Amino acid sequence: QVQLVESGGGLVKPGGSLRLSCTTSFTFDGFIISWYRQTPEIEREWIVTMDTDGGTNYTESVKDRFTISRDNVETIVSLQMNSLKAEDTGVYFCNARRIIRVGMFFDYWGQGTQVTVSS
């Protein structure tokens, strides 16, 4: 987790937008990238994943509102969040997974960035 750094969180009103970024000193090429969020009261929740071919999968609650993108040249992964709701509040983490073989992989986590949606 010390190799990834999230940024871009903050306070936003319902219906507003934020763009989160996850940066690394290495390239994200060959890694499966995901975003998660959690609160002190709620278990960490998976939000979206981008596979090594660029394909994406989103949890139903954020489909059509959140978009993940990867800039391999700049070694940055972003999460554009639109039409934010109060329920989107939480600490957002990026994750980079390198699969070695079935049942064996490496996970790298960022330190998290706080997103608060409130009127």
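Residues numbered from 1 in each chain as written. Predicted model: local features only at pLDDT ≥ 70, side-chain atom pairs only at ≥ 80, totals over all residues. Heavy atoms only, no water.

**Here we look at the overall build of the protein**
Counting secondary structure elements, the protein contains zero helices and eleven strands. Counted from the first residue to the last, the protein has its helices and strands arranged as β-β-β-β-β-β-β-β-β-β-β. For 119 residues, the compact-globule estimate of 2.2 N^0.38 gives 14 Å, and the protein sits close to it at 14 Å. Along the three orthogonal principal directions, the C-alpha set of the protein runs to about 45 × 30 × 25 Å. The buried share of the protein, taken over its 119 residues, is 39%. In the protein, once contacts between residues fewer than 6 apart in sequence are set aside, the share between residues at least 24 apart is 53%. Averaging the coordinates of the 11 positive side-chain charges in the protein and doing the same for the 14 negative ones gives two points 1 Å apart. (Helix = DSSP H or I, 4+ residues; strand = E, 2+ residues; numbered from the N terminus. Rg over C-alpha atoms; globule rule 2.2 N^0.38 Å. Buried < 20%, exposed > 50% of the residue type's maximum accessible area, 1.4 Å probe, protein only. Contact = heavy atoms within 4.5 Å. Lys, Arg positive; Asp, Glu negative; His and termini not counted. Charge placed at Lys NZ, Arg CZ, Asp CG, Glu CD.)

**A look at the environment of Thr-23**
Looking at the secondary structure, you find Thr-23 in strand S3 (residues 18-24). Judged by its relative accessible area of 31%, Thr-23 is partly exposed. Taking C-alpha positions, Thr-23 is 15 Å from Met-50, a pair spaced 27 residues apart along the chain. The residues touching Thr-23, leaving out its near neighbours within four places in the chain, are Gln-3, Leu-4, Val-5, Thr-75 and Ile-76.

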